[in-house]
Amino acid sequence: MITQIAKLLEKITGEADVKVTIPENMAFGHYTTNIALVAAKKLGVSPREAAEKIKNEILEKGGTRFQKIEIAGPGFLNFYLSKDALQEELDKIVEAGDKYGNNEIGSGKTVVIDYSAPNIAKPMSIGHLRSTVIGDALARMLRTQGYQVIGDNHLGDWGTQFGKLIYAWKNWRDEMEFVKNPIKHLVELYVRFHKEAENDEALEDIAREETAKLQKGDEENRKLWKMMVDESMKEFNKLYDRMGVKIDKAYGESFYEPMLDEIVRIALDNGIARVEDGAIKIFFDWCEKELPPSVLQKKDGSHLYMTTDLATIKFRTQTYHPAKILYVVANEQALHFEEVFEAARKLKLSDEGTELTHIKFGMMLGESGKKFSTRKGEFITLEELINKAVEEARAINEESAEKVGIGAVKYYDLSHQRMSDIVFNWDAVLDMRGNSSPYIQYTYARFANILNKAGESQGKTDLDILSTDSEKRVVDLLIHYPDVLAFASGSYEPNHITDYLFKLANAANAFYENCQIINAEEKLRAERLKLAKMIMTVIKNGLNVLGIEVMERM
Ligand code: ARG
């Protein structure tokens with residue numbers, strides 16, 4: 001609805017990009033805008049006069065959608081939807097069901113989302129958890145907006161560490177240990193390599209030779225590398241399956257290896273790259289921002305993270321011509337992506353209009369407010385974190401502990417502003433009365449229980465019958481779902497959806513507590529059952545779009 005109102009206002013005022021928002025306090029209407037304050041300057045009238053003019057024109061043109069339009073404060077316009085408009089919107093919930101909230105804004109456009117991206121031979125970190133959860137939610141959200149979304153797991157499956165691992169494997173492997181826990185054993189081998197290399201200078205050189213052999217296609221080294229990748233992937237896939245995450249592609253860094261020389265050549269030809277101390281570096285002296293040089297190729301001929309990311313943009317552009325490429329990667333890599341994007345645009349590796357965005361996120365910290373560490377008995381790997389969540393969720397519901405526990409971790413992550421650090425707090429994660437997924441899931445189950453007993457009620461909603469404040473509050477919130485979803489998707493901020501779901505759940509529970517449903521008189525009971533069903537539809541859609549499941553019993 002927001003876009004329709006904004007368009008109407010754009011037509012009337014001649015302004016572009018009119019901002020219409022949902023007021024925090026619903027006493028100020030369903031929608032509000034400050035456009036009169038903006039337009040007043042140009043019209044040379046006071047904001048309140050401008051507001052008056054706009055209001056009158058709207059009432060002439062599309063006025064039937066509104067019960068009233070109020071002018072507030074210095075010249076804000078507050079819109080109150082008419083009963084007919086509300087009713088129509090409610091009918092859409094019933095008609096669209098699972099698809100309620102979807103729109104076609106992105107139709108015909110492709111978005112590549114680069115997320116998860118763990119490193120082979122290392123456990124997935126808490127940072128990768130955040131990337132996985134946020135990336136998966138964004139993929140689902142953008143799909144509801146009509147975009148064709150391609151998720152790509154840019155695995156760290158290439159680089160000098162493999163020479164070290166191969167050397168260590170050849171000399172120190174313990175196959176029994178490897179079978180028990182492949183990633184754990186690879187980490188041990190890696191750690192051992194660095195320990196031994198402290199006392200044996202030759203080791204680094206030998207490892208470099210192993211890497212070089214791997215790059216040249218040496219059969220044995222390729223085989224060992226492939227085994228490390230496959231075994232690590234098996235572990236990662238177990239976690240993805242548990243988390244209900246499916247990533248369309250997993251090209252990984254190794255895929256781009258054959259394209260890296262070309263990237264170096266393009267950068268040299270263009271002139272942004274030069275040789276310095278035997279290495280080839282991109283210098284950003286042409287760029288408005290002050291950015292340090294970035295190495296494309298080291299003295300020994302090996303390539304870097306930057307080179308691979310440039311090749312990746314070129315490949316994605318040629319393959320998909322995406323409207324957007326989104327990188328869901330920790331804050332810490334902000335400088336890297338700034339440089340990647342600047343260089344990619346300069347070298348025309350991406351299409352002219354393609355949006356390149358780093359979807360940054362903060363750290364997830366242990367309850368002490370410090371990084372997770374084993375010493376303090378706080379888990380460090382993603383798997384341990386999930387295990388603990390599921391364990392704790394057993395106290396809530398044995399049967400669906402996986403869904404509740406994993407949902408709770410996802411929700412906790414997504415309910416924070418993306419950029420802020422998150423301090424883990426188990427009480428909050430599983431809080432049955434707070435802004436948590438168990439609470440929202442529980443609300444859903446409450447209404448499911450009623451409908452299972454009473455059966456569904458068919459037909460169009462009659463708003464004249466749903467007249468208490470609790471019911472009105474639920475209706476007002478329900479119809480905002482498509483706007484919230486569109487806004488969260490457009491700003492890449494899932495926390496708007498969790499904020500919304502929390503409000504909706506609170507309103508729904510108030511309705512549950514204040515209004516008789518099953519025992520109400522026939523007509524009222526029918527309308528309330530419809531409202532219950534709509535609450536369920538919107539909660540389900542809202543949780544699902546975040547990658548969280550609902551259940552009928554809890
Ligand atoms: N593997 C990297 C890491 O763990 C993240 C890769 C992100 N994606 C990218 N295209 N650079 O830090």
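In case you missed it, the structure is sitting above this.
Cut-offs and rules
- Residues numbered from 1 in each chain as written.
- Predicted model: local features only at pLDDT ≥ 70, side-chain atom pairs only at ≥ 80, totals over all residues.
- Heavy atoms only, no water.
- Core = buried A, V, L, I, M, F, W, Y, C linked by side-chain atoms within 4.5 Å.
- Buried < 20%, exposed > 50% of the residue type's maximum accessible area, 1.4 Å probe, protein only.
- Contact = heavy atoms within 4.5 Å.
- Near = heavy atom within 4 Å.
- Polar contact = N/O pair within 3.5 Å; in protein donor to acceptor, adjacent residues only side chain to side chain.
- 1 Å grid on protein atoms, 1.4 Å probe; cavity = no way out; pocket = protein on both sides within 12 Å on 5 of 7 lines; lining within 4 Å.
- Sits in = over half its atoms within 2 Å of the grid points.
- Nonpolar A, V, L, I, M, F, W, Y, C, P; charged D, E, K, R; others polar.
- Helix = DSSP H or I, 4+ residues; strand = E, 2+ residues; numbered from the N terminus.
- Expected span 1.5 Å × (residues − 1).
- Salt bridge = Lys/Arg side-chain N within 4 Å of Asp/Glu carboxyl O.
- Points joined across faces, edges and corners; volume = space filled by probe spheres on them.
- Pairing = 2+ DSSP bridges.

Colleague: Can you explain the nonpolar core? Please cite residues and give values.
Modeller: In this structure, Ile 113 and Leu 478 are the most contacted members of the largest nonpolar core, which totals 143 residues. Residues contacting Leu 478, with those up to four places away along its chain left out, are Leu 90, Ile 93, Tyr 100, Tyr 500, Leu 504, Leu 531, Met 534, Ile 535 and Val 538.

Colleague: If you had to explain the site of the ligand to someone new, which residues and values would you point to?
Modeller: All residues adjacent to the ligand are Asp 114, Ala 117, Asn 119, His 128, His 154, Tyr 305, Asp 309, Tyr 327, Val 329, Gln 333 and Phe 337. Contact between the ligand and Asp 114: a nitrogen atom at 2.8 Å from a side-chain N or O atom of the residue. Because more than half of its atoms lie within 2 Å of the grid, the ligand is assigned to the second largest pocket. For the shell around the ligand, a count of residues per class yields five nonpolar, four polar and two charged.

Colleague: Requested: an account of helix H14 (residues 382–393), with residues and values cited.
Modeller: Between its terminal C-alpha atoms H14 stretches 16 Å, which fits the 16 Å expected from twelve residues at 1.5 Å a residue. Structurally, H14 contributes buried residues whose contacts are with helix H5 (126–144), helix H10 (219–243), helix H15 (401–414) and helix H16 (426–429).

Colleague: An account of the pattern of salt bridges is needed here, citing residue identities and associated values.
Modeller: Enumeration over the complete set of coordinates arrives at 40 salt bridges. A salt bridge links Asp 464 to Lys 83, with the shortest nitrogen-to-oxygen separation between them at 2.5 Å. Placement of the pair is Asp 464 in the loop between helix H17 (437–454) and helix H18 (469–478) and Lys 83 in helix H4 (residues 83–96), with a sequence separation of 381 residues. Take Lys 83: its relative accessible area is 43%, and that puts it in the partly exposed class. With its nearest N and O atoms 3.0 Å apart, the salt bridge here joins Asp 114 to Arg 316. Of this pair, Asp 114 sits in strand S5 (residues 110–114) while Arg 316 sits in helix H12 (residues 305–320), and the two are 202 residues apart along the sequence. The class of Asp 114 is buried, set by a relative accessible area of 3%. You can call Arg 316 buried: its relative accessible area is 1%. What emerges from the salt-bridge pattern is a single network uniting Lys 170, Glu 210, Lys 213 and Glu 220.

Colleague: Tell me about the layout of surface pockets, residues and numbers included.
Modeller: Taken as a whole, the largest pocket encloses approximately 1,300 Å³ of empty space. Lining the largest pocket are 42 residues, with Ile 2, Asp 483, Val 484, Ala 486 and Phe 487 positioned closest to its centre. If one sorts the elements of the lining of the largest pocket by residue count, helix H19 (residues 481–491) sits on top with seven residues. Tallied by class, the residues present in the lining of the largest pocket amount to 20 nonpolar, eleven polar and eleven charged. There is about 1,100 Å³ of room inside the second largest pocket. Residue lining of the second largest pocket: 43 residues in total, with Ala 117, Asn 119, His 128, Tyr 305 and Gln 333 positioned closest to the centre. Those elements that place two or more of their residues in the lining of the second largest pocket are H5, H12 and strand S10 (324–328). Take the lining of the second largest pocket: its biggest share by element is five residues, from H5.

Colleague: Describe the sheet that holds strand S4 (residues 76–81), with residues and values.
Modeller: In spatial order, the strands read S1-S2-S4-S3; together these four strands make up an open sheet with antiparallel pairing. Of all strands in the sheet, those with a lone pairing partner are strand S1 (20–21) and strand S3 (66–72), marking the two edges. Pairing analysis gives six bridges linking S3 to S4, with the strands arranged antiparallel. Directly across from Phe 66, in S4, lies its bridge partner Leu 81.

Colleague: Can you explain the side chain of Ser 131? Please cite residues and give values.
Modeller: Locating Ser 131 in the fold gives a position in helix H5. Overall, the relative accessible area of 3% leaves Ser 131 in the buried class. When sequence neighbours within four positions are dropped, the list of residues in contact with Ser 131 reads Tyr 115, Ser 116, Asp 136, Val 328 and Phe 361.

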